[in-house]
Amino acid sequence: MPSHPDPLVNGEKASRREQILAAAAELFARHGFHGVGIDDIGAAVGISGPALYRHFRSKDAMLGEMLSSISQFLLDGGKARTEQAGAAKNTLVELVRFHVDFALRHPALITVQERNLANLTDPDRKQVRALQRRYVEVWVEAIQSAVHGLDEARARSAAHAVFGLINSTPHSRHLPDEELAGLLGRLALGALHAAR
């Protein structure tokens, strides 16, 4: 599976594959997976629909790579934050900051993941689910280290609740990004520490 430093490569010259994935994410988020054709994606990146087959064997393969890549990105980023943070309290702050940043930078990807997991092929769905479970485990361990006396089930529930809070941003963006990032960070950390 290809790995990208960033799912949509912000601030760098994107490869053609990455441009296609970025355009497809926006279109899938807006119109749904089944509401977007190959020609629509091609037009968004300035090529013909059939030319996309030089980069992806099918629209299904495109969705599979998109969701696998973001799941791998989150897992790698989460693990990196836990390794660099040091103290347990810092780890939780860094994980929240990382996930908030991802949500604010890539709202289309969050929408696509929420709505289109069922459209993945079985192998792709299994891979995405496995990566997501590993990302949750990074959070569960960090939560249990930072919030003393919290059992695994409660830490897991708290992690999922915080993902729901942060991932709701594509649907309710009423503040400038910097202000929203601060608010989400405070709410998420407050919720996690109140989970005990």
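Quick look at the structure, then. The shown structure was predicted, so the numbers you read here are calculated from the model rather than taken from an experiment. (Residues numbered from 1 in each chain as written. Predicted model: local features only at pLDDT ≥ 70, side-chain atom pairs only at ≥ 80, totals over all residues. Heavy atoms only, no water.)

A closer look at the packing of aromatic side chains
This is how it is decided: Pairing of aromatic rings covers Phe, Tyr and the six-membered ring of Trp, with a centre-to-centre limit of 6.5 Å; geometry is then stacked below 30 degrees between planes, edge-to-face above 60, and tilted otherwise. The cut-offs for exposure are 20% and 50% of the maximum accessible area for each residue type, with area from a 1.4 Å probe on protein chains only; residues under the lower value are buried, those over the upper are exposed, and the others partly exposed. By definition, any uninterrupted DSSP run of H or I lasting at least four residues is a helix, any uninterrupted run of E lasting at least two residues is a strand, and each is numbered from the N terminus.
Counted under the stated rule, the structure contains 6 aromatic pairs. A ring pair is formed by Phe-28 and Phe-33, whose centres lie 5.2 Å apart and whose planes are at 70 degrees; its orientation type is edge-to-face. We note that Phe-28, like Phe-33, is buried. With a centroid separation of 6.3 Å and 75 degrees between ring planes, the pair formed by Tyr-135 and Trp-139 is classed as edge-to-face. Taken together, the positions of Tyr-135 and Trp-139, both in helix H6 (residues 122–146) and 4 residues apart, correspond to about one turn of that helix. We note that Tyr-135, like Trp-139, is buried. Members of the aromatic cluster, joined through ring pairs, are Phe-73, Phe-98 and Phe-102.

Some points on the pattern of salt bridges
Note the cut-off: Within this document, salt bridges are pairs made up of a side-chain nitrogen of Lys or Arg and a carboxyl oxygen of Asp or Glu, the two lying within 4 Å of each other.
Tallied over the full model, the rule gives 6 salt bridges. A salt bridge links Glu-94 to Arg-97, with the shortest nitrogen-to-oxygen separation between them at 2.6 Å. Linking Glu-94 with Arg-97, this pair stays in helix H4 (residues 88–105), spanning 3 residues, or about one helical turn. Using a relative accessible area of 25% as the deciding quantity, one classes Glu-94 as partly exposed. Close ionic contact of Arg-105 with Asp-101 constitutes a salt bridge, the shortest N to O distance being 3.5 Å. One end of the pair, Arg-105, and the other, Asp-101, are both in helix H4, 4 residues apart, so they sit about a helical turn from each other. On the basis of relative accessible area, Arg-105 is assigned to the partly exposed category, the value being 37%. For Asp-101, a relative accessible area of 37% puts it in the partly exposed group. A single network of salt bridges, built from pairs that share partners, joins Glu-137, Glu-152 and Arg-156.

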